[in-house]
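Read off the chains here:
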Amino acid sequence: ATLRGMNRLFNLNLSLEELCQIGIKIGTDIPFCIYSKTAICKGKGEIIELLNKPPSAWVIIAKPDVGISSPDVFKSLTLESDYRVHTAACLSALKSGDYEALCQSLSNRLETVSHKMYPEITKLKENMLNSGADGALMSGSGPTVYALAKNERQAKHIYNAVNGCCNAVQLVRLLG
């Protein structure tokens, strides 16, 4: 937002691609944030492929009261492990707008590593799923976990179920 704002404020007229070239020097997530759209990022985050919007749904975002060292999580990651990611299935679900398939395709290779280091993440995710989430997944290297719900009543139930165990819980609407 800062890069986009400075571009506008100072009339720099930089393209999104040019802003991404600046942003990647700051952090690998910055190019994704510059586009502010559904996308898959490759390379170090600088290769952006825009995707279809996700189907309409509710998202419950919760952060347990733990701090995570991303470098420690990445150091513990072994790419040879059996944990599989479902990127192709997720891309297909987004392309077709299939909510159920999207929920089934949620995957994050870092989740198993962070779960071992921080059992609170596992408990939070299980709480969300047991409370009726259609899908739930840790975001990035954690500790934040998000859950998907098709309707508002279901989403509010999940929100209430996790609100007591986390200081930071948000309920937002995905506009597909």
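Rules of the game
Residues numbered from 1 in each chain as written. Predicted model: local features only at pLDDT ≥ 70, side-chain atom pairs only at ≥ 80, totals over all residues. Heavy atoms only, no water. Helix = DSSP H or I, 4+ residues; strand = E, 2+ residues; numbered from the N terminus. Polar contact = N/O pair within 3.5 Å; in protein donor to acceptor, adjacent residues only side chain to side chain. Contact = heavy atoms within 4.5 Å. Pairing = 2+ DSSP bridges. Axes fitted to C-alpha atoms, helices over the stretch in contact; angles between N-to-C directions. Parallel < 35°, antiparallel > 145°, perpendicular 65-115°, else oblique. Left-handed = near helix turned anticlockwise from the far one by under 90°. Nonpolar A, V, L, I, M, F, W, Y, C, P; charged D, E, K, R; others polar.

Caption draft 1: Focus on the side chain of Lys 125. Position of Lys 125 among the secondary structure elements: in helix α8 (residues 119-130). Engagement of the side chain of Lys 125 in a polar contact is seen with the side chain of Glu 111, the distance being 2.8 Å. Lys 125 has contacts with Glu 111, His 115, Ala 136, Leu 137 and Val 145, leaving out every residue within four places of it along the chain.

Caption draft 2: Representation of the sheet that holds strand β4 (residues 135-138). One open sheet holds the 4 strands; their spatial order is β4-β5-β3-β6, and the pairing between them is antiparallel. In the strand order of this sheet, the two ends are held by β4 and β6 (168-174), each with one partner. Neighbour-to-neighbour, the strand axes of this sheet turn through a mean angle of 20 degrees, independent of strand direction. Here strand β3 (residues 57-63) runs beside β6; their pairing, made up of 7 bridges, is antiparallel.

Caption draft 3: View of the packing of helix α1 (residues 2-9) against helix α2 (residues 16-23). Viewed as axis vectors pointing N to C, α1 and α2 meet at an angle of 130 degrees, and their least axial separation amounts to 10 Å. If you check the angle between α1 and α2, you find them oblique. Of the two elements, α1 crosses α2, and the hand of that crossing is right-handed. Across the interface between the two elements, Leu 3, Arg 4 and Asn 7 of α1 pack against Leu 16, Leu 19, Ile 22 and Gly 23 of α2. Its residues assigned to classes, the contact of α1 with α2 comprises 4 nonpolar, 2 polar and 1 charged.

Caption draft 4: The arrangement of the pairing of strand β1 (residues 39-42) in detail. With 4 bridges joining them, β1 and strand β2 (residues 47-50) adopt antiparallel strand pairing. In the sheet register, Cys 41 faces β2, and the bridge partner there is Ile 48. Hairpin remark: β1 followed by β2, antiparallel, with 4 residues in the connecting loop; positive phi at Gly 43, about 65 degrees.

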